[in-house]
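So you can see what is in the structure, the chains are spelled out below.
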Amino acid sequence: MSRFLMQRFAGLHAYTPGEQPQDMQYIKLNTNESPYPPAPAVFDAVNANEVGKLRLYPDPEGKRLKEKLAALYGVKAENIFLSNGSDDILNFAFLAFCDDTHPVLFPEISYGFYSVYADLYGIQAKKIPLQYDFSIDITPYCNADGMVVIANPNAPTGLLLPQQKIEQILQSNPEHMVVIDEAYIDFGGTSCSNLIEKYDNLLVVQTFSKSRSMAGARLGFAIASAQIIEDLNKIKYSTNPYSINRLTLAAGEAAVDSNQYYIDLCEKIISTRTRTVTRLREIGFTVLDSAANFVFAKSNGIPGGELYCRLKEKGILVRHFENEKIKDYIRITIGTDAQMAICVDQLEQLQKEYANENG
């Protein structure tokens, strides 16, 4: 830390992204990326003609992409907000709808950026413990005294909160924002975007990073009432109105036009997930019921940190978290069938080796 950093940031714990090592070729199952490429139309859209236009600023409004997303989700263009990844939208929501007198509530075990944003802006964060089975009890979020943020499906558990329960939260908090972070919704849930006309306190956040195979493009969007979108635009246009580059906008439009391609990919990933969960349970793992493109699993013999390290030695990257309540688990992104077969085979072998070593 330099002597120039403001003291209020001295204790800030920044978000730790999933590692991206360059020392060798890994089967990369640690950052919930899609194992499949974007739709062919995306390749066509990012062409030499578009590259030639990089001398020009992009459309700060992203009008064409907004219109396509609005048609896809059955809303109006004024209900769509675009930004440089969904993290930007979450950042804006914490900045716009919370302060030192308006706290935020979110699950104790969830997406790590929520805590970072709260610390960054000096917001009181009320971290609600999960239930014994890692599910979310909605009671503490009803009649709350601040903004509610819920990742659905939750990360890193992969568990889905039914829309009916989200409605209960919305109904009980008419004076407070409810942010539903739907980064993984396409892998097993129903988006709450159909509720924005019914609840003006709802902000639905989605991304092109997971189900649309565009993590490297950095494109996110939100769906909400026109008034909330205006609020977010005020923050965006006060920071960086050109946050989405021309090539990403073109790729995003092509991706929306190719929606069936991505529906098919999601079904493929779901099928692979089902087979992977079955095999993991057969070899003695505890696995939560995931509705995301990853699984949260625990060996009944090897500690989570040890398992992560041994898999890495064998060229397989997964994610491990040091939180005491989940330290025995690893999060495994769903890759191709071939990648998952190798991963499970290695896990089975590691359990045998560990058992022999520990008699």
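Definitions and cut-offs
Residues numbered from 1 in each chain as written. Predicted model: local features only at pLDDT ≥ 70, side-chain atom pairs only at ≥ 80, totals over all residues. Heavy atoms only, no water. Core = buried A, V, L, I, M, F, W, Y, C linked by side-chain atoms within 4.5 Å. Buried < 20%, exposed > 50% of the residue type's maximum accessible area, 1.4 Å probe, protein only. Contact = heavy atoms within 4.5 Å. Helix = DSSP H or I, 4+ residues; strand = E, 2+ residues; numbered from the N terminus. Pairing = 2+ DSSP bridges. Axes fitted to C-alpha atoms, helices over the stretch in contact; angles between N-to-C directions. Phe/Tyr/Trp six-rings, centres within 6.5 Å; stacked < 30°, edge-to-face > 60°. Lys NZ or Arg CZ within 6 Å of the ring centre and 35° of its normal. Parallel < 35°, antiparallel > 145°, perpendicular 65-115°, else oblique. Left-handed = near helix turned anticlockwise from the far one by under 90°. Nonpolar A, V, L, I, M, F, W, Y, C, P; charged D, E, K, R; others polar. Expected span 1.5 Å × (residues − 1).

**Student:** Mind showing me how you'd approach the nonpolar core here?
**Tutor:** Soluble globular proteins tend to bury their nonpolar side chains together. Core analysis: the largest hydrophobic core is formed by 86 residues, its most contacted members being Leu 69, Ile 169, Leu 202, Phe 208, Leu 280, Ile 332 and Leu 347. For Ile 332, the contacting residues outside a window of four places in its chain are Leu 29, Leu 280, Phe 294, Val 295, Val 318, Met 340, Cys 343 and Leu 347. Phe 94, Tyr 117, Ala 224 and Leu 232 belong to the second largest nonpolar core, which has 29 residues in total.

**Student:** How should I be thinking about the side chain of Ser 172 in this particular structure?
**Tutor:** As for its position among the elements, Ser 172 is in helix α6 (residues 163-172). Ser 172 gets classed as buried once you look at its relative accessible area, which sits at 18%. When neighbours within four sequence positions are excluded, Ser 172 is seen to be in contact with Tyr 141, Cys 142 and Asn 143.

**Student:** Where do I start with the sheet that holds strand β8 (residues 220-224) in this structure?
**Tutor:** Reading across the sheet, the 7 strands line up as β2-β8-β7-β6-β5-β3-β4 and stay open at both edges, with mixed pairing between neighbours. Since the sheet does not close on itself, it has two edges, and those belong to β2 (80-83) and β4 (125-128), each with one partner. Geometrically, the sheet is characterised by an average inter-axis angle of 20° between neighbouring strands, direction not taken into account. For strand β3 (residues 104-107) and β4, the ladder comprises 4 bridges, and the chain directions are parallel. Counterpart to Val 104 in the pairing with β4 is Ala 125. Taken strand by strand, helix α4 (residues 86-97) contacts β2, β3, β5 (147-151), β6 (178-181), β7 (202-207) and β8, and its axis lies near 155° from that of β7.

**Student:** Would you take a moment to explain the packing of aromatic side chains for this structure?
**Tutor:** Any pair of aromatic rings gets described here by the distance separating the centres and the angle formed by the planes. Applying the stated rule across the entire model yields 15 aromatic pairs. When the centroid spacing of 5.6 Å and the interplanar angle of 85° are considered together, the rings of Tyr 111 and Tyr 114 count as edge-to-face. When its relative accessible area of 0% is taken as the criterion, Tyr 114 is described as buried. Aromatic rings pair up to connect Phe 94, Phe 106, Tyr 111, Phe 113, Tyr 114 and Tyr 117 into one cluster. Sitting over the ring of Phe 208, Arg 212 keeps its end group 5.0 Å from the ring centre. The ring of Phe 294 has Arg 331 lying over it, and the distance from NZ or CZ to the ring centre is 5.6 Å.

**Student:** Can you help me understand the packing of helix α3 (residues 63-73) against helix α8 (residues 246-257) in this one?
**Tutor:** Each packed pair of helices is defined by two parameters, the angle between the axes and the distance between the axes. It is at 9 Å that the axes of α3 and α8 come closest, and there the two elements cross at 20°. With respect to their mutual orientation, α3 and α8 come out roughly parallel. In this structure, α3 crosses over α8, and the sense of that crossing is left-handed. Contacts between α3 and α8 involve Arg 64, Leu 65, Lys 68, Leu 69 and Leu 72 on the former and, on the latter, Leu 249, Gly 252, Glu 253, Val 256 and Asp 257. Residue composition of the contact of α3 with α8, grouped by class: 5 nonpolar, 1 polar and 4 charged.

**Student:** Where do I start with helix α9 (residues 259-282) in this structure?
**Tutor:** Residues spaced three or four apart along an α-helix point in a common direction, a consequence of the helix completing one turn every 3.6 residues. Here α9 is 24 residues long and its end C-alpha atoms lie 35 Å apart, about the 34 Å a rise of 1.5 Å per residue gives. Taken residue by residue, α9 has Tyr 262, Leu 265, Cys 266, Ile 269, Thr 272, Arg 273, Thr 276, Val 277 and Leu 280 as its buried positions. Residues of α9 that are buried make contact with α1 (40-45), α8, β9 (285-287), β10 (294-299), β13 (329-333) and α11 (337-357). Count one or two residues on from α9 and you reach Gly 284, which has phi positive near 100°.

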